[in-house]
Structure formats: structure tokens, C-alpha cells
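Overview (structure and organization)
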Amino acid sequence: MKTMGSFQYELNEMFGEINQASSIVIGFNAGKTGKPLTDQNAIRLVSVNGFKSFSEFAAAIAHMQDHLIGKIIEFSGKLDLRDKRALLLQAIGCSRRLTCFTLPVGQPATACHSTRLRAMIFKAPSFTCNGTWAVPGDETRECLLRLTRRYAWLWQMHAEDLIQELCCFLYQVEFWPALSTAGNNTTSLHEKIPVNGNVSALAALSRLFFEHKAIALDNKSKFCRLVADMFCTPKQPQISPKSLKNHFDSPTPETIDFICAELRKMMNKSRNLTL
């Protein structure tokens, strides 16, 4: 059994990508220095962490959060109940630190917070101007922080969602032991639905339901974990959520062809449902 604090190395590895992203870099273009900001000499936001649009930034943050949750869930499955609890408590602590990279507008820069507000700014970003590192003046800095409020709010939202999801998982571990697999025990705690196929086909079909909004979930990782927990195949009585999600994200052409053929058969049979 591991002692408290012994998961720091593993958590540093798991949080590596999102911790690196927390070093926010705002890229901008500007006219010649020394001139007032005018329509002809305006500050133009170019990128945040290298992403040139809000949608790209949002997709990257969502992917990092899903990836991190998946890694924590996968690693914790190898632990007994006590170690799993210790891991999650430390992971929540790491997640709380991610909320300290933004500030509500008007709050002192020394404060740390966990309140979800839309009017957020980044606390201490770095800047590049015309492709080189720069230290903008107060007026330019305020302008850039204002232009990146949506980005800061999104960062805060995902940080708080991460904390909430880990707290829910910790609650399950502490107060709902039936949902937690202790040690290396892989015996299913409930009956699974068997499917005549393989994991890749199950994942591809699950993605169709997910993309079609037939499932009332918008968290891809959570959906994949539920599918892996509910179904089994002839060769895999216990499906790894990570394996299923890998097939979910990148179905092979052969799997897509197989699913298309099966769906055509189902469409043909659907005509007989009223008979």
C-alpha cells in the first residue's frame, strides 16, 4: 500500500499537459510603439497559447480535461479503496490550483478563488508581440486582458468542472463502494449486456449515437466509461474504457464499413416491425 503523498509523481505526469497549458501566452500584433491606440494603430489579438481562434482553444481545453479524467480513472482502477481515495484527494488539490490562473474582473491579483463568473481575466499571462516576447504597457495589457475574457472564463469553467467531476468520483469511492473495483479484482459487480461483435464495432456504433445526440450526455469520456461498464463482448468480458475511447475517437475504415452494412440490415428489418 502506498502512503499519502506517494502519488505526486504520477499526478505530475497526468497533469503535465494541462499544467503546461496553464502558462498562458497571449499573442498580439500592434502598430509602432509610442503611439496612442487608434483605429489605424489598434491592438489585434492573434492567439492564446498558440490557438488562433476561441473554438480551437475551447476544443483543446476540453480534450485535455477528458484525457486527464480518463488517465486518473484508469490509474485508480489498479488501486485499493484507501489508495484510490488518497489519489483522488491529491488530484482534487492539483485541480484547485488550476483555478488560480484567472481572476474575476476587479478582484486583487493576490487572491485565489473558485467562484464561476463570466467576467474573468487571466491572472499573469505572458505576451508575444508580432511573434517575439514582449512586455506591453498598462493600456495595452488591459486591452489584451479584455479581449481574452472569454478564454479566461472558459479556463475557469473547465477547471471547476474538473474539480466537480473528481469530487463526484471521490464521493462514489467513499460512499458508494459497490461502484469501485478494489485492487486487481476484475469481476463485474453487475450483469453486462453481451454484444455479438468486437470493441471497435461497439465503439463506432456508440459514437453514432453520441454524435446524433441520441444520448443525453455531452461528456465523451463519461459516455465511453458508461458504455464500457454496461457492455461486454465474447472475447472481452471486461472492456477497458480507454480502449473503447480509442476506438471511439478513431474508428478504422473496416469498422465503419462493417457498421454501415449492419445498419442497412437493420433498416431492412425495420420495415417488418409493424407486422
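Heads up: these notes are all about the structure in this document. Just so it is clear, the structure is predicted and the values come from calculations on it, not from any experiment.

1. A word on the packing of helix α8 (residues 220-230) against helix α9 (residues 241-249)
Across the interface, α8 lies against α9 with an axial gap of 9 Å and an inter-helix angle of 120 degrees. For the element pair α8 / α9, the angle class is oblique. Crossing handedness for the pair α8 and α9: right-handed. Only P241, L244, K245, F248 and D249 of α9 make contact with α8, whose side of the interface consists of K220, S221, F223, C224, R225, V227 and A228. A class-by-class count of the residues in the contact of α8 with α9 yields 7 nonpolar, 1 polar and 4 charged.

2. Focus on the pattern of salt bridges
In this structure the tally under the stated criterion is 7 salt bridges. If you follow the salt bridges from partner to partner, you end up with K220, K245 and D249 in one network.

3. Looking at the state of the cysteines
Taken as a whole and judged by the stated rule, the model has 0 disulfides. Not engaged in a disulfide, the cysteine C168 finds its nearest cysteine sulfur in C167; these two sulfurs lie 7.1 Å apart. C168 sits in the partly exposed class, given a relative accessible area of 42%.

Calculation rules
- Residues numbered from 1 in each chain as written.
- Predicted model: local features only at pLDDT ≥ 70, side-chain atom pairs only at ≥ 80, totals over all residues.
- Heavy atoms only, no water.
- Axes fitted to C-alpha atoms, helices over the stretch in contact; angles between N-to-C directions.
- Helix = DSSP H or I, 4+ residues; strand = E, 2+ residues; numbered from the N terminus.
- Parallel < 35°, antiparallel > 145°, perpendicular 65-115°, else oblique.
- Left-handed = near helix turned anticlockwise from the far one by under 90°.
- Contact = heavy atoms within 4.5 Å.
- Nonpolar A, V, L, I, M, F, W, Y, C, P; charged D, E, K, R; others polar.
- Salt bridge = Lys/Arg side-chain N within 4 Å of Asp/Glu carboxyl O.
- Disulfide = S-S within 2.5 Å.
- Buried < 20%, exposed > 50% of the residue type's maximum accessible area, 1.4 Å probe, protein only.

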